Amino acid sequence: MSDTPLISVRDLSVHFGVRGGGLGKKPVVRAVEGVDLDIEKGSFFGLVGESGSGKTTLGRALLRAVPITRGDLTYDDGEKKYDLAAIEKGDLKDYRTRAQLIFQDPYAALSPRMTVRDIIAEPLEVMGITASKAETDERVREIAAKCRLNLEHLRRFPHAFSGGQRQRISIARALVSRPRFVVADESVAALDVSIQADVLNLLKDIQQEMGLTFLFISHDLSVVAHVCDHVAVMYLGRLVETAPTRELFANPRHPYTRALLSAIPSLDPDDDSVVDKLEGEIPSPTNPPPGCKFQTRCRFAIDRCRTEEPLLDHAAHQHNVACHRWQELVEVFEAEDAAAKERSDKRHAATAKAEKAKASGKNKGKTKPKSKPGSKGK
Amino acid sequence: MSRLIDVEHLNLQFDTDEGRITAVDDVSFSLEQGEVMGLVGESGSGKSVTAKSLMKLNPSNAVYGEQTRITLHLEDGPVDIMSLKTSSDLKVVRGGAISMIFQEPMASFAPAISIGDQMVEQLQIHSDMTTRQATELSIEMLARVGISDASTRFRQFAFELSGGMRQRAMIAMALSTKPKLLIADEPTTALDVTIQAQVIDLMKDLVKDFHMGIIFITHDLGVIAQTADKVAVMYLGRLVEQGPVREVIRNPGHPYTQGLIAALPQLDDLDKPLVPIPGDIPSPLERPSGCVFHTRCPVVIQGRCARDIPQFTQTREGHQVACHLLDPANNDQGTKTT
Ligand SMILES: Nc1ncnc2c1ncn2[C@@H]1O[C@H](COP(=O)(O)OP(=O)(O)OP(=O)(O)O)[C@@H](O)[C@H]1O
Ligand SMILES: Nc1ncnc2c1ncn2[C@@H]1O[C@H](COP(=O)(O)OP(=O)(O)OP(=O)(O)O)[C@@H](O)[C@H]1O
Ligand code: SF4
Ligand code: SF4
Ligand SMILES: [Mg+2]
Ligand SMILES: [Mg+2]
């Protein structure tokens, strides 16, 4: 897979001017700042970070749905190549058929007055992709079937559908124009876990079947871990770490990534392995701190971090991290992990012993349902 | 421990344009003082309306069942909540003995009144504090939940605070009246994991310091595991399983609970495929007969589950599951009718 990447981004910045604020001076929101990023063809690329870190803005910039302040952006699917930063109207129209967005909120995104068929067909009609109504219907039926919606569903209005079904309608609508690149922005956040798993599996299947490239934006690291092959972590407009998924979750190098990972509440009620508690909140992008953007919350910050901004550094194969101290911290993290593991092993041994004692105390017949999907905590 | 609240046979229906829908069906549970109960279930399963029933906060199209009894045990004796009719009757519970943190953080603060004024007003409804005393207590509570520079924040409006801070302010307001029972409806769902972790820690401290009961509503089982003593699982308006949190998470007995846990993406095994619960949640207008889960249950007993409503069976101390598979007396009966 040494192809040219589908999306290639260099030093991308997106700033918003904000009205109001002080007299005369207009505060600027630096939503995305100096981002470098390659997204390979066929990749399921995850983008994570706290609220306000700039994920949506970056996604929209790649779709050319926000004005770009600075930087280079190239799209190359082998058939067409576009310089997105300087793309012209006609090309932009073509690009819009190749790049699509799946909306964040399945409840807000669907017009209540249109039938599901019309909702899915709309992009085809707006972009003038199909030549006849028959062809439109054909395309709608085809994509609906892929998204597990039947003909009966197509005649109804969206209010008659559950959250999971609505999400499948949004997906069908985004994919009907047969795009190559899809940005899915928090498209499972509003869903319950049982339905969420279903939608994620569907996205993966469709991606493989249609050879799509996904940018998958989410708060939820455990979801990203399961569906994405590559992950970028964003903080206050910057990418702080990028790596193949397994590498990132096995060896997080940036203090922020580590804190994010350890903040995920464990399913084990006795888990006390949290080593990293993040205090405070993400600073405002109108007034970012100097130096490393994470320095106000980083427990490893030193003087250098307060003046000099760290650049993305190559840590391992395809693994990049932007922290002045990542090399010295490798050992610190290893020691912390070892200590946490020792604690949890001890605790597990203690609980196992207690359970055993309890079980031999009274062994009342406890019946269980026959099938039990793998369900133990950790 | 002493009993704080008993909910018995809670039935709740809503009159809607499309007919009368059942939102809660025969739900019973109780809570001790200082105990944290997690209430989990899919969207629309009836978690919020169950919680609101404890204060009779549901809108006027709500119809409570005749069998429904909710008893709050206060120092001066038990209060029969269903018998409270007027809003002045209900003052004892609403914002008094019971406080609620709502699912929509913006909805809990009026946009045009400062946070402080709202806190003071609420305190004065429920006590005879002077404005000065109420102000002092409010600022103290804001500081207590970790808001720095509390006296400045006191004068600000909700929209001027970040999401995490707004959530803290809401908790401060809910706690200022020193409630016996705090209901937290998805207090962390809209928050980032790092802020969520802070709020979870805060809630844990508060239980210790104030010794109140908490009902914690969420669909995140990880959050439940980290905060609750016991957990109740709802599906389509029914309680399908309840018990101590360790028990339920380690030995889930109901196929729905098992499905919920299996569907969670786990970080320690990235190769494990995500296992969804098959099918869609039925519409409230097409409530399944018998076991409400039978349309999606992977181990459904043909003939029996669509017909009979399963009752709670005790699997272990305090752990109850409502599923025919756990009811040995009825099992053979079920297979006959297939
Ligand atoms: N059109 C706009 N005008 C001004 N500021 C904006 C605009 N769009 C976004 N911002 C600001 O840019 C920053 C990044 O916002 P963005 O929506 O990209 O964050 P995000 O990472 O997607 O957050 P979330 O997880 O909450 O969706 C925020 O501070 C936001 O307020
Ligand atoms: N005022 C009302 N009128 C009619 N139906 C209502 C009303 N309030 C709630 N319902 C219905 O009652 C059911 C239970 O709703 P509830 O809000 O308790 O769900 P929930 O479990 O809290 O879900 P979520 O996780 O989405 O918050 C839903 O089907 C809902 O549509
Ligand atoms: S550069 Fe400094 S402040 Fe930034 S993450 Fe690294 S150690 Fe922390
Ligand atoms: S009662 Fe039947 S349908 Fe309901 S959960 Fe048990 S086995 Fe499944
Ligand atoms: Mg966003
Ligand atoms: Mg709710």
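Residues numbered from 1 in each chain as written. Chains lettered and ligands numbered in written order. Predicted model: local features only at pLDDT ≥ 70, side-chain atom pairs only at ≥ 80, totals over all residues. Heavy atoms only, no water.

S.K.: Explanation requested: the pattern of salt bridges in the structure shown.
M.R.: Opposite charge on two side chains permits them to pair, given that their charged atoms come into close proximity. A complete count under the given rule lists 46 salt bridges over all chains for this structure. Between A:Asp198 and A:Arg148 there is a salt bridge whose closest N-O contact spans 3.4 Å. Placement of A:Asp198 in helix α7 (residues 193–210) and of A:Arg148 in the loop between α4 (133–146) and α5 (151–154) is noted, with a sequence separation of 50 residues between them. Residue class for A:Asp198 comes out buried when judged on its relative accessible area of 15%. For A:Arg148, a relative accessible area of 41% gives the class partly exposed. Here B:Glu35 makes a salt bridge to B:Lys230, at a shortest N to O gap of 3.5 Å. Here the residue B:Glu35 occupies a position in the loop between β2 (19–32) and β3 (36–41), and B:Lys230 occupies one in strand β10 (residues 230–235), the gap between them amounting to 195 residues. (Salt bridge = Lys/Arg side-chain N within 4 Å of Asp/Glu carboxyl O. Helix = DSSP H or I, 4+ residues; strand = E, 2+ residues; numbered from the N terminus. Buried < 20%, exposed > 50% of the residue type's maximum accessible area, 1.4 Å probe, protein only.)

S.K.: When you look at the confidence of the model for chain A in this model, what are you seeing that I'm missing?
M.R.: Note that predicted coordinates carrying low pLDDT should not be read in detail. Considering every residue of chain A, the mean pLDDT works out to 85; 88% of them sit at 70 or more. Low pLDDT (under 50) marks residues 363–378 of chain A, which in the prediction has 30 contacts with non-local residues, meaning those over four places away or in another chain. (pLDDT = per-residue confidence, 0-100. Contact = heavy atoms within 4.5 Å.)

S.K.: In this structure, what is going on with the site of ligand 3? I would like to understand it.
M.R.: Around ligand 3, a shell composed of 13 residues is seen, among which A:Cys292, A:Cys298, A:Cys305, A:Cys323 and A:His324 lie nearest. Looking at the shell around ligand 3, its residues break down into nine nonpolar, three polar and one charged. (Near = heavy atom within 4 Å. Nonpolar A, V, L, I, M, F, W, Y, C, P; charged D, E, K, R; others polar.)

S.K.: Could you clarify how one ought to interpret helix α5 (residues 163–176) of chain B in this entry?
M.R.: Note on helix geometry: an α-helix contains 3.6 residues per turn, so any two residues three or four positions apart are oriented the same way. Residues and elements named next belong to chain B. Here α5 spans 20 Å end to end across 14 residues, near enough to the 20 Å set by a 1.5 Å rise per residue. Along α5, 13 of the 14 residues are buried, which leaves the element largely enclosed by surrounding structure. After α5 finishes, the residue Lys178 shows a positive phi value of roughly 50 degrees. (Expected span 1.5 Å × (residues − 1).)

S.K.: What exactly am I supposed to notice about the domain arrangement of chain B here?
M.R.: Many descriptions give the size of an interface as the accessible area lost when the pieces come together. Partitioning chain B into structural domains gives domain 1 (98–178) and domain 2 (261–337). If you average the C-alpha positions of domain 1 of chain B and of domain 2 of chain B, the two centres end up 42 Å apart. (Domains from an automatic or database assignment.)

S.K.: Honestly, the confidence of the model for chain B in this entry has me stumped. Any pointers?
M.R.: All names here are of chain B. With 94% of its residues at a pLDDT of 70 or more, chain B shows a mean pLDDT of 87. Ranking the elements of chain B by mean pLDDT puts helix α10 (residues 328–336) last, at 49, and strand β11 (residues 238–244) first, at 97. Contacts of residues 332–338 to residues separated by more than four positions or lying in other chains number seven contacts, the stretch itself having pLDDT below 50. We note a pTM of 0.85 for the whole complex and an ipTM of 0.79 for its interfaces.

S.K.: Whenever I open this one, the interface of chain B and chain A confuses me. Can you help?
M.R.: At the interface, 56 residues of chain B touch 54 residues of chain A. With both chains or domains summed, chain B and chain A bury close to 4,800 Å², and 56% of this area falls on carbon and sulfur atoms. A per-residue breakdown of the area chain B buries against chain A is headed by B:Arg250, B:Leu267 and B:Leu270, which together make up 13% of the total. Inspection of the region where chain B meets chain A yields four salt bridges. The interface formed by chain B and chain A contains nine residue pairs in polar contact (both at pLDDT 80 or more). Counting residues per element, the ones that place at least two in the side of chain B that touches chain A are α5, α6 (193–210), α7 (221–227), α8 (245–250), α9 (255–263) and β12 (313–316) of chain B. (Buried area = accessible area lost by both parts, 1.4 Å probe. Polar contact = N/O pair within 3.5 Å; in protein donor to acceptor, adjacent residues only side chain to side chain.)

S.K.: Help me out: how do you make sense of helix α2 (residues 89–98) of chain A in this one?
M.R.: Residues A:Leu92, A:Tyr95, A:Thr97 and A:Arg98 constitute the buried set of α2(A). Packed against the buried residues of α2(A) are β1 (7–17), α1 (55–62), β4 (70–76), β5 (81–83), β6 (99–102) and β7 (181–185) of chain A.

S.K.: Whenever I open this one, the side chain of B:His319 confuses me. Can you help?
M.R.: All names here are of chain B. With respect to the element layout, His319 can be found in strand β13 (residues 319–321). For His319, a relative accessible area of 1% gives the class buried. A distance of 2.6 Å separates a polar atom in the side chain of His319 from a polar atom in the side chain of Glu241. A polar atom in the side chain of His319 sits 2.6 Å from the side chain of Glu247. If we skip the residues at most four places from it in the chain, His319 touches Glu241, Gln242, Gly243, Pro244, Glu247, Val248, Asn251, Gly253, Thr313 and Gln314.

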